[in-house]
Amino acid sequence: MQDLLFPAEPQTRAIARELFSHVRELPLLSPHGHVDPGLLADDAPFPDPAQLLITPDHYVTRMLLSQGIPPGELGVRRIDGGEAQTDPRKIWRTFSDNWHLFRGTPSKLWLEQTLRDVFGVEGPLTYETYDVLAEKLAKPEFRPRALFSRFNLEVLATTESPLDSFSRHEKLAADGWLGRVITTFRPDDVVDLDWFGWSDRVARLGEITGCDTSTFSGYLEALRSRREVFIKYGATSSDHGHPTARVGVADDAAAIYQRAMRGQVTPEEGEVFRAHMLMEFARMSLEDGLVMQLHPGSYRNHNRYLSRAYGRDTGGDIPQATEYTHALKPLLDAYGHDPRLRIVVYTLDEYTYSRELAPLAGGYPALFLGAPWWFLDAPEALRRWRETVTETAGFYNTAGFVDDTRAYCSIPVRHEVARRVDAGFLARLVAEHRLSLDDAAETIADLAYHLPKKVFKL
Amino acid sequence: MQDLLFPAEPQTRAIARELFSHVRELPLLSPHGHVDPGLLADDAPFPDPAQLLITPDHYVTRMLLSQGIPPGELGVRRIDGGEAQTDPRKIWRTFSDNWHLFRGTPSKLWLEQTLRDVFGVEGPLTYETYDVLAEKLAKPEFRPRALFSRFNLEVLATTESPLDSFSRHEKLAADGWLGRVITTFRPDDVVDLDWFGWSDRVARLGEITGCDTSTFSGYLEALRSRREVFIKYGATSSDHGHPTARVGVADDAAAIYQRAMRGQVTPEEGEVFRAHMLMEFARMSLEDGLVMQLHPGSYRNHNRYLSRAYGRDTGGDIPQATEYTHALKPLLDAYGHDPRLRIVVYTLDEYTYSRELAPLAGGYPALFLGAPWWFLDAPEALRRWRETVTETAGFYNTAGFVDDTRAYCSIPVRHEVARRVDAGFLARLVAEHRLSLDDAAETIADLAYHLPKKVFKL
Amino acid sequence: MQDLLFPAEPQTRAIARELFSHVRELPLLSPHGHVDPGLLADDAPFPDPAQLLITPDHYVTRMLLSQGIPPGELGVRRIDGGEAQTDPRKIWRTFSDNWHLFRGTPSKLWLEQTLRDVFGVEGPLTYETYDVLAEKLAKPEFRPRALFSRFNLEVLATTESPLDSFSRHEKLAADGWLGRVITTFRPDDVVDLDWFGWSDRVARLGEITGCDTSTFSGYLEALRSRREVFIKYGATSSDHGHPTARVGVADDAAAIYQRAMRGQVTPEEGEVFRAHMLMEFARMSLEDGLVMQLHPGSYRNHNRYLSRAYGRDTGGDIPQATEYTHALKPLLDAYGHDPRLRIVVYTLDEYTYSRELAPLAGGYPALFLGAPWWFLDAPEALRRWRETVTETAGFYNTAGFVDDTRAYCSIPVRHEVARRVDAGFLARLVAEHRLSLDDAAETIADLAYHLPKKVFKL
């Protein structure tokens, strides 16, 4: 599939091919993702093709759900007492019978390329693919660490809560394996006052750190101290997934915190508190150097049926309109020109690209545009992103590709897709005499490797 | 015009040509539109080219109005006592003199193709085209029913108010003609409390049904009973054109209804009532199986001059920003996973495609994406739609093309345009090695025929 | 660079080439821009390459700022007492060292083409380019008036405040030079109550006009009288840069005006007053015939660091979401069909194109769509604009290209880029059999010359 995703026009395709050849072999940097570090700590063989490729992949389970196939039939564990399918062959059968639903989606692209490039399986995906895969998975060269090397992964960042014990990262650090797996500081579960169980988690945060989290200042101290631990485990960034991009100092943050301890906060106070905490985290970053990542705009657990039957974070989130120009102003006023701060902003709302995000990133040194996220991490959307933001923000205010995935085996193809889309976009600029071939070649290497390395301090 | 609308790149064009050949001859399904059923009931010859192609076409009269030519000069009847042009030749002259205004618009495309394919008129549209057309219109093969067969129309859905008497549908059913013309339940005029004359219409609804519409429960009963009659006249769907997509149970719906009877409701109460009624209609659909179509986001009769001089619904609507993620949640919470419900959502706001509509349709089994509507039912917009929604919603959560037109003769070309745009889009996926030719061929047939047949229960 | 910006597909490219040949030599109309009229009044040689091409160009200083290089290093004068770089060679060095940041941006395109076409400098931009340019700038053929002729500028509109003395325009009128430089009435600084120093400026307006601006009616009279003066200096249009597109009669406008004189208005009252004034200016246009230009949606001076260190209007504005459907309705209700009024609406929010702007321009005779503005005045954005608005608004409800620049030497290339993008777009319509070559050739000439001439009454 030499020309996968390249524009069909022959001259442009030839340029794309050449540009891609410059980055094809560059190591992968994965500065943000959700792979379970235990995978690499344990380095156990993957259990079966269904548990590897279907059950944990929200893109796959969502699409099948949208056509009436509940996640339980794909092996997703229910929390409501219902039974889930446990036979991986039956799961694979349900999946392969409905493979046509994925036409035109990145899931199809990722899976087909993964089968071909990682597992050497050619031809269309069918029920029989299961056996071929199952046989491969038993072999040592398909264990996580072997794949890590084969994937040419230079760095893989996982994402942990401040409450994480780092047992898995410790195991990784301890046993002499050379793969670089780092963590990311993701404090949402102790920052979001609306999230069920917040006060218990904050109490645990106090225990872990020895700080008095019954006070707001003790809470801040606890967070600061956890960040130090995260940095010890390699963290170079924090990540914040809020419903909105709102940031702003709240003079009554400590009072809100106290009311939250007593379970007496309104949703608006929760929002004010999150906004305040982004400012606090920015201040912490000034000191400890963690790059701030903002992932705003998701209506979490929108799908009530999914949350009730399968729990939180099972693929039921839906994006909502997101505002940045006003929301980020307090942060940019305060630190937008501070060389100690670096903020990478993502979006699920592409209808902010040319209006807000590109002008902001093209105007403030602290701000970088994160790669298209989630529903937008697919070829057409990646292409639209470059087409829309580059004229105002250029290439060098973007942060490089981020796979943001929990699907370990799909990491290489996701990066390859991004590199191919960039090759196609740059090739068009060259074919239209807007960029020299030499400049394009340098640029694609920067996008694929040098920029994320710099922006994420890898 | 073998290659009309196909991408110019030769390899992609060849693939598009092949894909289109698979659907060119497939029957047309028109599950939603505004053709006057009397047209087919009476089967009279079309009066003249102006009354056929210009006077009733809002796309045409709007464009000419935007350049200062009032609809009256195009034969549109005034309600303010002003005179309208009645000489069809003068109307045609005004039109053909301004034909250049339509460059780049779908009106030009539709009209040129209709002239060529339906009437066999080649060459540019001029004043002289009038005579050629007038001559043709006198012939029996250009009567509505003859065209129905020639168009290869398998089903044509019209749209009626619950107050409709079905005299025209009855005539159609009675006289043994085999064309399948079905109705659609469109209750806006008895649901929209702000619509002048609402209480009179509700009173008539009571008379027609024998229900006591002075009470809210009698009103609901009346609607239920009308739906039964609609189903008798072939209806498989209802249609709802609200200013917003808001849905939600209102505990005080009955009280609002009572106040509306006394003419004492606020606009906000009107909105709450509409939102509540969508929930009621969803519940009715669970029982009687009508597919719900939602057409939200139009600011109706925005053009005051038009409304005053020519009346409602004369082409003066303007879209407004439309929110779906929050608005539809109550409906999706309640019935988003109920296999008895099917909701087809349209939009005039393409800036919700990747952010809201595709994620929703790609996450809830009850929800399907309707084809681009109105200002978006043109080649570039249709292409953007596929490019933007497919990666998240796939092809199989879309509902197939809907012509939504009152311009009877344009039905074939509208479907042809949609099929050609799909052929071009799929051809690009094939050329970029993202889809096999076989899969693309199967997909285009599904989009053109099998999907709408299934989604709309035809 | 014969094929600059043309689609790579050979057949389409050949058509684009032919279409462009029809407009390549057409005179330039610049109906809206920010060139200093003193430049042409004095006709002095440009001081040096940095002061010509870098220091005053917000696109350039913004991009470098976004990568941490403060405007002071590029020669921008500070208002906070800080020092700015004054050595033009050092400024050029900073710029040329960071030239790669501009890849993919219009700045690169404009500058490279300007160097090639205006200054005859081939090859990549380097530090050495400085000397070549400096030598050229000393020659008489590179003085502003000589370039005016060479640029084939038929009309150049500058933009002035009602407080302007017109000394520079007077000088231009007096000395017999034949270039047509006209002014534009831009009253924001006496309309925006929130703008520091408003009451002083209004007092000066009173002095200049001899009207009693201590009363609202005197203020309106003063504005009316200034418009007469503007028209004397060639003005054919006014221009209004408000935060929103809101228009509407405020019954208490005179009372707000009085409170503003006492420094007692709220931001909301400021907004109400601006909305009211747009209505007043529309009424004035009915009488004096000035075309109204609206430039809404910019959050002015968003960048606090820039405003504090360098002052207002130094490139720190950021767009915000802009609503038109509701905002413009009062104006369109009142005068949307009045043949005496012409309104050209611009936007920084492309996510209103198909939803609001194209339907409005395609429905109201008074309304025309202005060319993509500012962050959107680049090839990809210009292409998206045509692709998105044409199907609903056609070509003839758009107002033609507007360069809107203060960068005098970039005027030709900006127009050339717009013409090339239009050639590419029209070529695709021709290649896809949607438009004949003859129609396309006529259309591109209309877009490049005849339409703006008519719309802006040039």
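Throughout this document, residue positions are counted from 1 along each chain, in the order its sequence is written. Throughout, the order in which chains and ligands are written sets their labels, letters from A for the former and numbers from 1 for the latter. Confidence filtering applies because this is a predicted model: local features only for residues at pLDDT of at least 70, side-chain atom pairs given and counted only at 80 or more, and all residues used for totals across whole chains, interfaces and linings. Each side-chain value is derived from all of the structure's non-hydrogen atoms; neither hydrogens nor water enter the calculation.

With an unreviewed UniProt entry as reference, chain A is termed Uronate isomerase, source organism Rhizocola hellebori. What UniProt states about chain A under its Pathway (unreviewed entry) heading is, verbatim, "Carbohydrate metabolism; pentose and glucuronate interconversion." UniProt positions are given in the numbering used here, feature names are shortened, and annotations may be inferred rather than shown by experiment.

This paragraph deals with the overall build of chain A. Check the secondary structure of chain A and you find 20 helices and nine strands. In summary, chain A has a C-alpha radius of gyration of 22 Å against a globular reference of 23 Å for 458 residues, a match within 12%. The long-range fraction of contacts in chain A, counting pairs at least 24 apart against all pairs at least 6 apart in sequence, stands at 76%. When charges are counted, Lys and Arg are positive and Asp and Glu negative, with His and the chain ends excluded. By convention, the point assigned to a charge is CZ for Arg, NZ for Lys, CD for Glu and CG for Asp. Charged side chains of chain A number 52 positive and 65 negative; the gap between the two group centres comes to 2 Å. A helix here means a DSSP run of H or I that spans at least four residues, while a strand means a run of E at least two residues long, and both kinds are numbered starting from the N terminus. What the globule rule says is 2.2 Å times the number of residues to the power 0.38, and the radius of gyration is computed from C-alpha atoms. Here, two residues are considered to be in contact whenever any of their heavy atoms come within 4.5 Å of each other.

What follows concerns helix 14 (residues 267–288) of chain B. All names here are of chain B. Multiplying 1.5 Å by the helix residue count minus one yields the expected span of that helix. Its 22 residues give helix 14 an end-to-end C-alpha distance of 31 Å, which sits within 8% of 32 Å, the value for a rise of 1.5 Å per residue. We call a residue buried when its accessible area falls under 20% of the maximum for its residue type, exposed when it is over 50%, and partly exposed in between, using a 1.4 Å probe and counting protein chains only. Burial within helix 14 is extensive, with 17 of its 22 residues counted as buried. One or two steps after helix 14, the chain reaches Gly-289, where phi turns positive at roughly 80°.

This next bit is on the interface of chain B and chain C. Interface extent is often summarised as the accessible area lost during association of the parts. Each side of the interface is counted separately: chain B has 45 residues, and chain C has 45 residues. Buried area is a sum: the accessible area each of two parts loses on coming together, probed at 1.4 Å, counted once for each and added. A combined buried area of about 3,700 Å² lies between chain B and chain C, and 52% of that area is made up of carbon and sulfur atoms. Its largest share of buried area at the contact with chain C, chain B owes to Arg-103, Tyr-351 and Glu-380 of chain B, together 20% of the area lost on that side. Only one rule defines a salt bridge in this text: a Lys or Arg side-chain nitrogen within 4 Å of an Asp or Glu carboxyl oxygen. Residue Arg-304 of chain B is joined to Asp-333 of chain C by a salt bridge in which the shortest nitrogen-to-oxygen separation is 4.0 Å. Any pair of N or O atoms that falls within 3.5 Å is considered a polar contact. Within protein, one atom must be able to donate a hydrogen and the other to accept it, and sequence-neighbouring residues count only if both atoms are side-chain atoms. Counting across the chain B and chain C interface gives 27 residue pairs in polar contact (both at pLDDT 80 or more). Taken together, the elements giving at least two residues each to the side of chain B that touches chain C come down to helix 1 (10–23), helix 4 (58–65), helix 6 (106–118), helix 15 (304–310), strand 7 (318–319) and helix 18 (379–393) of chain B.

Before going further, it helps to examine the sheet that holds strand 4 (residues 237–240) of chain C. Residue and element names in this part refer to chain C. Strands are labelled as partners when DSSP assigns at least two bridges between them. Strand order in the open sheet formed by four strands is 4-5-8-9, with parallel pairing between adjacent strands. Either end of the sheet is taken by a strand with one partner, and the two such strands are strand 4 and strand 9 (367–369). Taken pair by pair, the neighbouring strands of this sheet meet at an average axis angle of 25°, ignoring direction. In this sheet, strand 9 lies alongside strand 8 (residues 343–345) in parallel orientation, the contact comprising three bridges. Each bridged residue has a counterpart across the sheet, and for Val-345 the counterpart in strand 9 is Leu-369. To obtain each axis, a line is fitted to C-alpha atoms, and for helices this fit is confined to the stretch in contact; angles are then taken between N-to-C directions over 0 to 180 degrees.

Counting from both sides, the interface comprises 46 residues of chain B and, opposite them, 45 residues of chain A. When the buried surface of chain B facing chain A is broken down by residue, Arg-355, Glu-391 and His-433 of chain B rank first, second and third, together holding 19% of it. Remark: the boundary between chain B and chain A carries eight salt bridges. Where Lys-108 of chain A meets Asp-439 of chain B, a salt bridge forms, and the shortest distance between an N and an O atom there is 3.6 Å. Contributions of two or more residues to the side of chain B that touches chain A are made by helix 1, helix 16 (329–335), helix 17 (353–361), helix 18, helix 19 (411–431) and helix 20 (437–455) of chain B. In terms of residue count, the dominant contributor to the side of chain B that touches chain A is helix 17 of chain B (seven residues).

Turning our eyes to something else, we now look at the relation of the copies chain B and chain A. For the least-squares superposition of copies, only C-alpha atoms count, and only for residues with pLDDT at least 70 in both. Of the transformation placing chain B onto chain A, the axial shift is 0.0 Å and the rotation is 120°, giving an RMSD of 0.0 Å. Interpreted geometrically, this transformation is the action of a three-fold axis. Comparing interface residues between copies, only 7% of those in chain B also lie at the interface in chain A; the contact surfaces differ.

Put simply, a nonpolar core is a bunch of buried Ala, Val, Leu, Ile, Met, Phe, Trp, Tyr and Cys residues held in one set by side-chain atoms that sit within 4.5 Å of each other. Within the largest apolar cluster, 186 residues are counted, with the highest numbers of intra-cluster contacts made by Tyr-219 of chain A, Tyr-219 of chain B together with Tyr-219 of chain C. Not counting the four nearest positions on each side in its chain, Tyr-219 of chain C is found in contact with Val-190, Val-191, Val-202, Leu-205, Asp-212, Thr-213, Tyr-257, Phe-273 and Met-277 of chain C.

This paragraph deals with the relation of the copies chain B and chain C. The transform that puts chain B on chain C rotates by 120° and translates by 0.0 Å along the axis, for an RMSD of 0.0 Å. Counting the interface residues of chain B, we find that no more than 7% of their copies in chain C are interface residues as well, pointing to two distinct contact surfaces.

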